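Residues per chain, in single letters:
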Protein chains: 2
Amino acid sequence: MSNIMKKVSWSSREDDPGVAERTPLLNGTSRQFSSSDIFRIGRLSTVDLEDDKDGSSSELNQTEEIPHNEKLLSVRYESLDYDNSENQLFLEEERRMSLLGFRFLEFKRWLVCAFIGIFTGLVACFIDIVVEKLSDLKYHAVKQSIVKFTEAGGLCISLILWATLNAAFVLVGSLMVAFIEPVAAGSGIPQIKCYLNGVKIPRVVRLKTLLVKVFGVICSVAGGLAVGKEGPMIHSGAVIAAGISQGRTTSLKKDFKIFEYFRRDTEKRDFVSAGAAAGVSAAFGAPVGGVLFSLEEGASFWNQMLTWRIFFASMISTFTLNFFLSIYHGKPGDLSNPGLINFGRFEDEVKEYNLYEIPIFMCMGVIGGIIGALFNSLNYWLTIFRIRYVHRPFLQVAEAVLVASVTATVAFAMIYFSEDCKSLGEEPVEHPLQMFCKDGEYNSMATAFFNTPEKSVRSLFHDPPGLYKPQTLGLFTLSYFLLACWTYGLTVSAGVFIPSLLIGAAWGRLFGICLATSSNSMFADPGRYALIGAAAQLGGIVRMTLSLTVIIVEATGNVTFGLPIMLVLITAKIVGDYFVEGLYDIHIKLQSVPFLHWEPPPTSHALTAREVMSSPVICFKQVEKVGKIVDILSNTSTNHNGFPVVCDQEPKRLCGLILRSQLIVLLKHKVFVERVNSSLIQRKLQLKDFRDAYPRFPPIQSIHVSQDERQCMMDLREFMNPTPYTVPQETSLPRVFKLFRALGLRHLVVVDDENKVMGLVTRKDLARYHLGKHGLEELHLAQT
Amino acid sequence: MSNIMKKVSWSSREDDPGVAERTPLLNGTSRQFSSSDIFRIGRLSTVDLEDDKDGSSSELNQTEEIPHNEKLLSVRYESLDYDNSENQLFLEEERRMSLLGFRFLEFKRWLVCAFIGIFTGLVACFIDIVVEKLSDLKYHAVKQSIVKFTEAGGLCISLILWATLNAAFVLVGSLMVAFIEPVAAGSGIPQIKCYLNGVKIPRVVRLKTLLVKVFGVICSVAGGLAVGKEGPMIHSGAVIAAGISQGRTTSLKKDFKIFEYFRRDTEKRDFVSAGAAAGVSAAFGAPVGGVLFSLEEGASFWNQMLTWRIFFASMISTFTLNFFLSIYHGKPGDLSNPGLINFGRFEDEVKEYNLYEIPIFMCMGVIGGIIGALFNSLNYWLTIFRIRYVHRPFLQVAEAVLVASVTATVAFAMIYFSEDCKSLGEEPVEHPLQMFCKDGEYNSMATAFFNTPEKSVRSLFHDPPGLYKPQTLGLFTLSYFLLACWTYGLTVSAGVFIPSLLIGAAWGRLFGICLATSSNSMFADPGRYALIGAAAQLGGIVRMTLSLTVIIVEATGNVTFGLPIMLVLITAKIVGDYFVEGLYDIHIKLQSVPFLHWEPPPTSHALTAREVMSSPVICFKQVEKVGKIVDILSNTSTNHNGFPVVCDQEPKRLCGLILRSQLIVLLKHKVFVERVNSSLIQRKLQLKDFRDAYPRFPPIQSIHVSQDERQCMMDLREFMNPTPYTVPQETSLPRVFKLFRALGLRHLVVVDDENKVMGLVTRKDLARYHLGKHGLEELHLAQT
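Residues numbered from 1 in each chain as written. Chains lettered and ligands numbered in written order. Predicted model: local features only at pLDDT ≥ 70, side-chain atom pairs only at ≥ 80, totals over all residues. Heavy atoms only, no water.

A closer look at the sheet that holds strand E14 (residues 726-728) of chain B
Residue and element names in this part refer to chain B.
For step 1, the next point in the chain: Strand order across the open sheet formed by three strands is E14-E15-E16, with mixed pairing between neighbours. Strands with a single pairing partner mark the edges of an open sheet, and in this sheet they are E14 and strand E16 (757-762). Direction aside, neighbouring strands of the sheet carry axes that sit 30° apart on average.
For step 2, the next point in the chain: The pairing of strand E15 (residues 747-751) with E16 spans five bridges and is antiparallel. When the bridges of E16 are listed, Leu-748 appears paired with Val-761. (Pairing = 2+ DSSP bridges. Helix = DSSP H or I, 4+ residues; strand = E, 2+ residues; numbered from the N terminus. Axes fitted to C-alpha atoms, helices over the stretch in contact; angles between N-to-C directions.)

Here is the structure:
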């Protein structure tokens with residue numbers, strides 16, 4: 001075949017004189033790129049390179065390194081397997097099942113989704129009520145103190161009270177996160193993104209995580225940090241879904257013996273998607289947005305029935321929240337609280353827009369993109385600083401407490417020095433602070449700062465023009481921006497949606513006021529600009545587009561503004577992407593997660609499976625010696641999870657694939673035979689044994705195999721997947737990628753013409769290639 | 001491997017004594033099911049069985065047959081190929097392309113989507129304005145006549161005028177459809193569903209089809225048929241997308257030489273999805289609904305960037321429509337006409353709902369499901385009648401004209417005999433007919449009948465309680481139900497959305513009035529029940545759930561009713577599915593289209609690739625004799641489209657796959673060499689040659705190959721896809737199905753252990769198996 005091949009240049013660097021001449025493609029196993037082509041960057045001194053094939057890495061200049069792991073891929077993360085292992089056990093079970101059985105299974109899926117919705121709604125309701133109660137208590141106490149000391153002097157006592165209360169709440173929250181369950185830190189959205197993408201983040205969907213998350217978020221919001229309680233709802237929904245769908249909790253060692261069929265990655269992933277959607281739905285009252293969020297972030301293979309179930313869970317979740325909040329608010333049956341954040345009713349503000357406003361909105365999108373990129377860059381450097389210096393739990397807790405106190409102090413200072421007074425109108429204001437204003441007036445800076453962020457957002461959207469002076473808004477934007485940026489990444493569980501919305505709403509309103517001043521009140525209502533600003537800011541920071549549009553449209557309850565919001569979000573995304581990635585993606589990268597994006601890098605057609613795959617591969621025979629299996633599984637330096645099974649005769653052709661987890665279960669149950677050709681095989685194992693062990697398969701070290709047993713044989717034929725997907729060695733990377741991504745594979749066997757095993761492609765092999773500033777880059781694998 | 005296999009029973013019929021004992025699985029090529037297991041039903045007398053493997057079909061009792069083709073699969077339909085043929089030409093082009101080139105390509109995709117949106121919006125705008133003008137003229141003329149003859153007597157002259165006008169419009173419309181482009185009949189949604197599913201419906205995305213569709217729908221709506229103009233917009237959008245994305249029109253023989261990269265099935269499908277979404281968006285003012293419609297009906301592999309582009313096209317489309325309609329209505333910049341159908345503003349009707357209303361809504365869902373099933377069954381029998389007796393174009397036109405006249409007559413009679421008079425209130429009524437009412441009053445039956453269906457729907461949603469008497473609504477529902485059922489399937493281009501909404505709104509309003517009467521006006525507003533009824537009826541007839549929910553929510557402009565609407569739609573779907581399939585699915589089945597659903601039949605795990613595949617397969621060698629290729633391509637009895645390419649040495653291993661279309665282009669350009677080992681191969685062909693020929697590849701008969709040339713050789717290596725996806729013979733049907741569906745394959749090669757070609761799985765092999773009343777059924781292939 002090589003006679004018709006030509007030398008191909010490396011596209012984006014075609015004219016670069018420094019590029020070495022490529023060797024012909026498909027022409028042997030030599031690597032195509034010298035180290036000057038694929039840039040290898042990394043913290044090499046501290047990592048174990050598993051995949052250092054051409055030895056070029058040690059040449060790298062270590063002085064240029066920055067001590068974070070963005071340019072590495074951690075091999076610590078295992079993958080989830082969204083491809084069913086269709087072994088004989090499975091096929092026989094499926095064949096035994098009647099049509100009625102399948103119908104019943106389908107019914108159970110719907111039932112589980114209903115429960116997911118109900119519990120997610122209840123958790124949201126609980127968070128909402130407790131946060132409201134605690135905040136009320138806190139602000140009440142602080143207000144009383146301020147009123148007392150405003151005239152008598154000694155306001156610093158009020159400040160100390162406020163800061164102490166905040167610090168106390170945050171102390172409790174961050175202690176829980178730092179010492180009980182660190183994975184509950186942050187919003188949890190990056191973790192759920194990874195899970196849905198197929199990466200197993202340890203402990204992310206456990207009951208303990210949920211509890212820490214829920215109480216943690218209550219503490220951080222009540223503690224007055226610049227955070228929201230919406231992001232964590234998505235994580236909470238996902239944990240609830242994982243728990244309910246498995247019908248048991250391993251943390252509490254309680255197995256309800258229901259839903260056992262769903263105990264595998266494929267089914268569990270589907271329910272986790274539904275849970276995440278239910279979480280979005282409860283957080284924003286946006287069921288369709290929830291479905292789109294799940295799809296945008298997770299599912300690769302779109303299935304109609306699955307989507308309906310996800311939608312159903314979302315609907316139930318917002319309905320449950322709505323229903324119980326209506327009872328709590330004393331108006332049962334009044335279903336007007338569909339989400340945790342309520343943007344309020346946009347009546348006149350967003351009924352219509354004019355054509356000439358569209359360029360203005362897009363300008364706001366550009367601003368949002370720039371501010372968002374700034375936010376992300378600052379947070380990026382801050383996170384690297386934290387990785388380097390603030391990695392001890394005590395330090396993390398101390399930082400969180402410090403931020404809480406500083407937040408209170410900044411807020412207090414802003415209110416103290418503000419001279420923006422408004423008279424108490426007819427509309428009720430929560431916690432109006434008089435401070436140094438005249439009687440019958442209140443401080444409008446306090447409306448923004450002396451409140452939960454949700455209420456501040458609503459106030460910026462709806463309060464009548466003229467409530468806020470421009471300098472108040474400007475100062476607020478600046479200080480809140482810095483606070484929010486400092487806060488995200490702290491060891492507390494909290495989201496970034498609401499702070500983004502608040503920053504955006506503040507500068508959006510400021511923008512609207514400036515417009516109105518400069519153009520004779522043609523743009524009378526600053527509320528709509530607050531909304532557009534909020535969208536632009538959120539888009540600039542998190543960069544989701546489709547689902548965010550729908551979430552914001554649903555949260556405003558008005559579809560008229562769909563097009564402007566979408567344009568703003570896309571503009572913000574394009575502008576932001578020019579500078580830096582989205583916040584969640586930055587944090588995923590900093591965790592060195594082998595995340596597979598939607599598409600392979602566009603310029604990766606030059607790579608083939610031959611270059612991408614890991615080889616040589618450890619294979620087993622169909623009937624394999626127990627001792628060999630134990631030795632290979634115990635080898636910590638390889639730690640492979642999937643093993644091709646090959647035929648006994650030469651040439652050793654591929655005839656199946658078996659997973660570490662399956663081998664572990666087989667070893668645990670000692671499914672051994674004495675001799676190779678023994679026909680005394682007793683079918684001892686059922687699928688139930690595998691399901692019972694799922695997902696926490698014991699480590700190989702915990703399984704004792706005696707010397708006698710080591711001489712026995714294990715017949716893998718019944719348990720291996722006899723028809724794994726394969727590709728030839730010449731398959732291009734995009735083609736491998738598409739197969740991998742579309743089917744949610746964990747292992748893809750690369751075979752030669754004769755069906756002999758040549759290599760194995762795993763998630764890490766594909767995630768390694770990404771598009772950098774200099775073209776295609778290859779990340780290093782690290783054992784961290 | 002067979003020593004560990006057991007005999008497996010056929011699950012759902014385990015206790016049936018008549019079932020023959022199965023042969024062991026994986027144990028040879030014998031078929032597993034006797035004819036009593038898989039029910040083979042079909043019109044065997046007239047069809048050519050391509051796949052009659054076990055000869056059992058001739059035993060079937062022919063007296064039970066009904067003369068339609070629902071139980072057959074037509075082999076006439078070719079498949080689209082959503083898997084790129086990654087041959088050397090393609091890979092070299094991709095490798096040559098720089099990163100900037102890929103970015104530019106991406107930009108062009110967005111540009112094409114923008115154009116799709118703009119043109120779809122313009123077409124919608126054109127249809128809307130022309131229909132409105134023509135209807136106005138018609139109703140004005142008829143009204144004048146009625147006013148003139150009401151007192152003078154001789155109203156039958158008015159009736160004749162009305163009927164003649166209707167018939168004239170419909171005559172023009174159906175003549176166009178019947179004689180110029182029959183594929184433009186109906187709503188086009190089943191055709192677009194098939195296209196997105198991967199079935200090539202001939203001529204469905206041509207310019208001629210678009211023109212006939214647009215003018216046809218204008219004629220049928222202006223002709224007063226019980227039809228809507230919304231469904232055809234989806235088809236129109238799809239045609240526009242296909243046209244723009246290819247940068248040329250083959251009908252007009254005009255090639256703009258742009259967007260040449262997009263000339264393949266993969267890219268074209270993506271744009272057609274966007275076009276369909278833009279069509280929904282323009283029809284209902286529902287951009288998110290449009291995206292979901294495209295995804296629900298079409299895309300299997302969800303891609304984030306693609307979804308954003310689809311969303312973009314949808315947004316642009318509704319915006320364009322909105323913008324131009326605002327200019328037309330004399331209020332430029334007032335963007336309040338986002339779609340062709342405007343449900344009007346729901347203010348008080350749907351602000352909130354009470355919990356106790358949910359069971360009531362679900363009851364309405366049940367009613368909608370039952371009425372929908374009745375509608376579908378009646379239409380099903382009517383369609384069979386039409387297939388049997390009304391297949392000549394002249395008869396079809398005559399039937400359409402007949403229906404038009406009857407529609408006018410029924411409407412006239414209903415108005416004539418109605419005694420439901422209302423006084424002209426303050427709100428303006430379009431075309432108020434006084435008839436025999438007192439002065440200052442008008443006939444309320446005429447509000448429903450003497451109007452375009454869109455306006456009638458709006459009136460039923462929003463007119464104040466008491467406008468319609470219950471008997472008026474009951475009579476209207478019944479007569480409109482029968483008319484709409486008769487109309488769907490006529491040889492005119494028209495949709496079924498609006499008639500469904502209208503029927504549902506009518507009985508929903510009736511339901512609301514009855515509730516209000518029976519329970520002391522606790523349910524004061526019948527408008528909300530009209531909305532729920534409309535949703536229930538639409539759900540009962542077409543059975544889409546997720547996208548319909550969103551479409552209705554977007555069209556009402558209010559998200560509060562999301563949950564009730566979703567519950568109603570799901571109830572209607574479940575109830576309806578119990579009786580009969582959705583209307584579109586029925587029509588797809590009656591066309592014998594090999595449609596692949598989302599999932600394989602649940603009980604199909606017992607089948608493996610070995611049973612499913614077609615074999616033996618005609619293979620080519622890498623360097624093949626031209627004569628043999630011509631002979632095989634010319635063989636009309638096989639008419640294969642994909643040919644595995646095998647190596648020259650024994651054993652003949654698979655080394656590629658080549659398509660009929662590629663061979664045709666090679667033959668056309670005479671890419672021949674004299675001898676087998678000639679190294680004088682001149683690279684004459686480029687991808688451009690294949691793209692220029694796409695999609696209308698000439699038939700083999702049109703290519704002249706001389707006797708000398710027949711002796712030459714053709715080197716296929718550069719053009720074949722060297723890495724086709726393969727599966728082993730033991731792969732279960734669900735696994736094959738998943739691979740096929742997720743990747744949008746057209747051919748899947750089945751290989752044995754040694755990588756020798758054993759068979760080929762195509763769409764028809766998979767679509768053949770479906771779940772019938774008696775378990776898994778197998779459809780026959782027919783040459784019709």
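Overview of the sheet that holds strand E10 (residues 642-646) of chain A
Residues and elements named next belong to chain A.
For step 1, the next point in the chain: Strand order in this open sheet of three strands is E8-E10-E11, and the pairing throughout is mixed. Only two strands of the sheet have a single neighbouring strand rather than two, namely strand E8 (620-621) and strand E11 (654-659).
For step 2, the next point in the chain: Note that E10 and E11 share five bridges and pair antiparallel. Residue pairing across strands places Phe-643 opposite Ile-658, the latter belonging to E11.
For step 3, the next point in the chain: In this fold helix H22 (residues 660-668) packs onto E8, E10 and E11, with an angle of close to 75° to the strand it touches most, E11. (Contact = heavy atoms within 4.5 Å.)

What to know about unusual backbone geometry
For step 1, the next point in the chain: The omega torsion of the bond from Tyr-694 of chain A to Pro-695 of chain A falls at -10°, within 30 degrees of zero and hence cis.
For step 2, the next point in the chain: Mapped onto the secondary structure, Pro-695 of chain A falls in the loop between helix H23 (687-693) and helix H24 (707-710).
For step 3, the next point in the chain: Here the phi dihedral of Asn-755 of chain B falls at roughly 75°; this positive angle occurs in a residue that is not glycine.
For step 4, the next point in the chain: Structurally, Asn-755 of chain B can be placed in the loop between E15 and E16.
For step 5, the next point in the chain: Take Asn-755 of chain B: its relative accessible area is 12%, and that puts it in the buried class. (Buried < 20%, exposed > 50% of the residue type's maximum accessible area, 1.4 Å probe, protein only.)

Let's talk about the confidence of the model for chain A
Residues and elements named next belong to chain A.
For step 1, the next point in the chain: Taken over all residues, the pLDDT of chain A has a mean of 82, while the share at 70 or more is 86%.
For step 2, the next point in the chain: Highest mean pLDDT in chain A belongs to helix H5 (residues 207-222) (94); lowest belongs to strand E18 (residues 780-782) (76).
For step 3, the next point in the chain: Between residues 1-67, whose pLDDT stays under 50, and residues either more than four places distant or in other chains, the model counts 129 contacts.
For step 4, the next point in the chain: Predicted as a complex, the structure gets a pTM of 0.87 and an ipTM equal to 0.85. (pLDDT = per-residue confidence, 0-100.)

Structural notes on the packing of helix H2 (residues 99-152) of chain B against helix H9 (residues 304-328) of chain B
Helix packing for two helices is described by the angle between their axes and how far apart those axes are.
Residues and elements named next belong to chain B.
For step 1, the next point in the chain: Relative orientation of the contacting elements H2 and H9 amounts to 35°, with a least axis distance of 7 Å. Note on packing geometry: the crossing formed by H2 with H9 is right-handed.
For step 2, the next point in the chain: Class assignment for the residues of the contact of H2 with H9 results in 17 nonpolar, five polar and six charged. (Left-handed = near helix turned anticlockwise from the far one by under 90°. Nonpolar A, V, L, I, M, F, W, Y, C, P; charged D, E, K, R; others polar.)

A look at helix H15 (residues 497-518) of chain B
For step 1, the next point in the chain: Its 22 residues place the ends of H15 of chain B 31 Å apart at the C-alpha level, agreeing with the 32 Å of an ideal helix rising 1.5 Å per residue.
For step 2, the next point in the chain: Most of H15 of chain B sits out of view: 16 of its 22 residues are buried. (Expected span 1.5 Å × (residues − 1).)

Looking at the packing of aromatic side chains
For step 1, the next point in the chain: Under the definition given, this model contains 52 aromatic pairs over all chains.
For step 2, the next point in the chain: Between Phe-620 of chain B and Phe-643 of chain B, the ring centres sit 5.0 Å apart and the planes meet at 45°, which makes this aromatic pair tilted. Of this pair, Phe-620 of chain B sits in strand E9 (residues 620-621) while Phe-643 of chain B sits in strand E11 (residues 642-646), and the two are 23 residues apart along the sequence.
For step 3, the next point in the chain: What makes Phe-620 of chain B buried here is its relative accessible area of 0%.
For step 4, the next point in the chain: In this structure, Arg-264 of chain A packs its charged tip against the face of Tyr-261 of chain A, placed 4.8 Å from the ring centre. (Phe/Tyr/Trp six-rings, centres within 6.5 Å; stacked < 30°, edge-to-face > 60°. Lys NZ or Arg CZ within 6 Å of the ring centre and 35° of its normal.)

A word on a nonpolar patch on the surface
Residue and element names in this part refer to chain A.
For step 1, the next point in the chain: Where nonpolar side chains cluster on the molecular surface, the patch consists of Phe-104, Phe-107, Leu-111, Phe-115, Ile-118, Phe-119, Leu-122, Phe-324 and Ile-327 and spans about 770 Å² of accessible area.
For step 2, the next point in the chain: Elements with a contribution of two residues or more to the nonpolar patch: helix H2 (99-152) and helix H9 (304-328).
For step 3, the next point in the chain: Sort the elements by how many residues they give to the nonpolar patch and H2 lands first, with seven residues. (Patch = residues over 30% accessible without salt bridge, like charges linked within 9 Å, V, L, I, M, F, W, Y side chains within 5 Å. Areas by Shrake-Rupley, 256 points an atom, 1.4 Å probe, with all protein chains shown as cover. Salt bridge = Lys/Arg side-chain N within 4 Å of Asp/Glu carboxyl O.)

A look at helix H7 (residues 265-284) of chain B
For step 1, the next point in the chain: Taking 1.5 Å of rise per residue, the 20 residues of H7 of chain B would be expected to cover 28 Å, and the 28 Å separating its terminal C-alpha atoms lies within 8% of that figure.
For step 2, the next point in the chain: Counting buried positions along H7 of chain B yields 20 of 20 residues, so the element is predominantly enclosed.

Section: the pattern of salt bridges
When the charged atoms of two side chains lie near each other, side chains of opposite charge can form a pair.
Residues and elements named next belong to chain B.
For step 1, the next point in the chain: A full pass over the atoms with the stated rule returns 58 salt bridges over all chains.
For step 2, the next point in the chain: Linking Glu-78 and Arg-746 is a salt bridge whose minimum nitrogen-to-oxygen distance equals 3.8 Å. Placement of the pair is Glu-78 in strand E3 (residues 78-79) and Arg-746 in the loop between helix H25 (733-743) and E15, with a sequence separation of 668 residues.
For step 3, the next point in the chain: For the salt bridge of Glu-181 with Arg-203, the shortest nitrogen-to-oxygen distance reads 2.8 Å. Of the two residues, Glu-181 sits in the loop between helix H3 (155-180) and helix H4 (189-197) while Arg-203 sits in the loop between strand E4 (199-200) and helix H5 (207-222), which places them 22 residues apart along the sequence.
For step 4, the next point in the chain: Assessed through its relative accessible area of 1%, Glu-181 is described here as buried.
For step 5, the next point in the chain: Residue Arg-203 is classed as partly exposed on the basis of its relative accessible area, which comes to 35%.

Quick look at the environment of Phe-620 of chain A
For step 1, the next point in the chain: For Phe-620 of chain A and Arg-386 of chain A, which are 234 residues apart along the polypeptide, the C-alpha to C-alpha distance reads 44 Å.
For step 2, the next point in the chain: Not counting residues up to four positions away in its chain, the partners in contact with Phe-620 of chain A are Ile-629, Ile-632, Phe-643, Pro-644, Val-645, Val-646, Ile-658, Leu-663 and Leu-716 of chain A.

Focus on the pairing of E11 of chain B
All names here are of chain B.
For step 1, the next point in the chain: Counted residue by residue, E11 has five buried out of five residues, so it is predominantly covered.
For step 2, the next point in the chain: Along E11, one buried face is formed by Gly-642, Pro-644 and Val-646 and the opposite face, lined by Phe-643 and Val-645, is buried too.
For step 3, the next point in the chain: Where E9 and E11 come together, two bridges link them in parallel fashion. When the sheet's bridge partners are listed, Lys-621 is paired in E11 with Val-646.

What about the side chain of Arg-691 of chain A?
Residues and elements named next belong to chain A.
For step 1, the next point in the chain: Relative to the elements of secondary structure, Arg-691 occurs in helix H23.
For step 2, the next point in the chain: The class for Arg-691 is buried, based on a relative accessible area of 11%.
For step 3, the next point in the chain: Aside from chain neighbours lying at most four places away, what touches Arg-691 is Glu-93, Arg-248, Glu-260, Tyr-261 and Arg-263.

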